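So you can see what is in the structure, the chains are spelled out below.
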Amino acid sequence: MSIHHTMMKDSGISWIGFIPENWDVLPLKRVITCLDGRRVPIDASMRTSGPYPYWGAGNIVDYINQYLFDEELVLLGEDGSPFFDKTRPVAFHINEKVWVNNHIHVLKAEGIDAEYLTFVLNAVDYHEYITGSILPKLTQSDMNSIIIPIPSYQEQIGISNVLSLKCGTIDRAITTYNDMICSLYEMKKSIISEVVTKGLDSNVTLKDSGVDWIGSIPESWGQTKVSNQYDVTLGKMLCTSPETPDSTEENYLCSANVKRNGIEGDIKTMWFTPKEKEEYLLKKGDLIVSEGGNAGTPMIYDGSRDPCYIQNAVHRVRAYDNQDIRNRFLYYWMSFAKDIGYVDLVCNKATIAHFTKKKLMEMPVVSIDLDTMSDIVHHLDSKCTQIDLEINYTSGLIDTMSDYKQSLIYEYVTGKKSVDMEAS
């Protein structure tokens, strides 16, 4: 039997839009039984490793030795799930032994295909159902009020089959591209590690640096501390009101803004006195190192937010001389130190790590002549730029495929694309 929709009607629901004339719309509570009352959270310290998935807000967070559910279910994020990221799922179809904590809703489909329901819940526009601006939360009451499109059961099965096939193909391609990106990042880390500790001459004679995490270095290289070549300034404590009549509200960078490839996120403002503006001002080419947050993350400031200053979750680092080359070399050295685990080591793997000014200033760094340093920096700039371009291109492919997958799901579960089904 082939099913083709020609007549459409307005569903009356903004996210759904028009649906086939023979479809219905219902609130979610009409087609599910909510089993949230059977959820039980287990602290990480109390879990025993085993074969059963332990589900949290939006994914499997552990595997343990016991289970709560052994039936076909739909799991829908409650809090902490990516409700507004169309590239990531918030609903999951499961049919195995699992344990579920209290951060994800547990739904049993009633009179509706569970897999179809999962696809629908991954197409919903959650803006009108979510409360909480900091941590989005889908309450049970709001969840029950979600309106979903309901075709015939046979069509639900057909839509599920088509989407499973098409989305499965897309997901496998995305997995392949993600693996490629991981390989590119590993290649980049390996190149940086090799070059900042061994230089560009593969035949050079090496010696033991005397520092475990650095390993061997060229015989002609020396070793020093960051403080001997760089000035380090920790930013200003957060200030939400003017301290003097001539204070002004200015942009500042915090640790959340510091990413290796540049500034990320919204830039916030706070109050600075004229003296503080002189002390904490950033200039293009400055090296920024996170003190807190993702401690030890380095970034070269590109001047794009001028004027801009620093808050006390970040350090500004400037070489005493030849700032462009030395700052960029230390950027690569910090990347190496971060990746090798040095920062975690000196921060004692604390729950909230702080890469303090003292720790940064005392960090070992190789001492090499400026010409060698310049050659290394230009070599790494070229290699890393090439790898970053490949990563960005591959990430773009993933975004395109994710968008296409999302549009497919939406179009099929709202009947804007029809399915052809052979009667068995």
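Residues numbered from 1 in each chain as written. Predicted model: local features only at pLDDT ≥ 70, side-chain atom pairs only at ≥ 80, totals over all residues. Heavy atoms only, no water.

**Quick look at the sheet that holds strand 20 (residues 298-300)**
In step 1: Across the sheet, four strands lie side by side as 14-22-19-20; this open sheet has antiparallel pairing. Looking at strand neighbours, the two that pair on one side only are strand 14 (230-234) and strand 20, the edges of this open sheet. Mean inter-strand twist for the sheet, computed between neighbouring axes without regard to direction, equals 25°.
In step 2: Inspection of the sheet shows strand 14 paired to strand 22 (residues 314-319) by five bridges, in the antiparallel sense. Bridged to Leu234 within strand 22 is His315. (Pairing = 2+ DSSP bridges. Helix = DSSP H or I, 4+ residues; strand = E, 2+ residues; numbered from the N terminus. Axes fitted to C-alpha atoms, helices over the stretch in contact; angles between N-to-C directions.)

**Comments concerning empty space enclosed by the protein**
To find the voids left in a structure, one rolls a probe of water-molecule size over its atoms.
In step 1: Taken as a whole and judged by the stated rule, the model has one cavity of 30 Å³ or more.
In step 2: Looking at the largest cavity, its volume works out to about 60 Å³.
In step 3: Residue lining of the largest cavity: Pro82, Phe83, Asp85, Lys86, Arg88, Pro89, Val90, Asn122, Val124, Tyr126 and Gln406, and that is the complete set.
In step 4: When its residues are assigned to classes, the lining of the largest cavity shows six nonpolar, two polar and three charged. (1 Å grid on protein atoms, 1.4 Å probe; cavity = no way out; pocket = protein on both sides within 12 Å on 5 of 7 lines; lining within 4 Å. Points joined across faces, edges and corners; volume = space filled by probe spheres on them. Nonpolar A, V, L, I, M, F, W, Y, C, P; charged D, E, K, R; others polar.)

**Looking at the nonpolar core**
In step 1: Ranked by size, the top nonpolar core spans 48 residues in total, and within it Leu28, Leu121 and Tyr126 carry the most contacts.
In step 2: Sequence-distant contacts of Leu121, that is, excluding residues within four places in its chain, are made with Leu28, Val74, Leu76, Val90, Ala91, Leu107 and Tyr126.
In step 3: Among the nonpolar cores identified, the runner-up in size contains 40 residues, and Val211, Ile214, Met363 and Ile368 belong to it. (Core = buried A, V, L, I, M, F, W, Y, C linked by side-chain atoms within 4.5 Å. Buried < 20%, exposed > 50% of the residue type's maximum accessible area, 1.4 Å probe, protein only. Contact = heavy atoms within 4.5 Å.)

**Considerations on the packing of aromatic side chains**
In step 1: Evaluation of the coordinates by the stated rule reveals twelve aromatic pairs.
In step 2: Each ring, one from Tyr331 and one from Tyr332, has its centre 5.1 Å from the other, and the planes form 70°; the classification is edge-to-face. Across the pair, Tyr332 and Tyr331 agree in class, each one buried.
In step 3: Taken together, the ring pairs in this structure connect Trp213, Phe329, Trp333, Phe336 and Tyr342 into an aromatic cluster.
In step 4: One residue, Lys97, lies across the ring of Tyr67, its end atom 5.6 Å from the ring centre.
In step 5: Positioned above the aromatic ring of Phe272 is the side chain of Lys236, whose terminal nitrogen or guanidinium carbon lies 5.2 Å from the ring centre. (Phe/Tyr/Trp six-rings, centres within 6.5 Å; stacked < 30°, edge-to-face > 60°. Lys NZ or Arg CZ within 6 Å of the ring centre and 35° of its normal.)

**Description of helix 8 (residues 370-413)**
Think of an α-helix as 3.6 residues a turn; residues three or four steps apart then line up on the same face.
In step 1: When the terminal C-alpha atoms of helix 8 are compared, their 62 Å separation across 44 residues agrees well with the 64 Å that a helix rising 1.5 Å per residue should span.
In step 2: A distance of 3.2 Å separates the backbone nitrogen of Asp371 from a side-chain oxygen at the start of helix 8, and that oxygen is part of Asp369.
In step 3: One or two steps after helix 8, the chain reaches Gly415, where phi turns positive at roughly 80°. (Expected span 1.5 Å × (residues − 1). Polar contact = N/O pair within 3.5 Å; in protein donor to acceptor, adjacent residues only side chain to side chain.)

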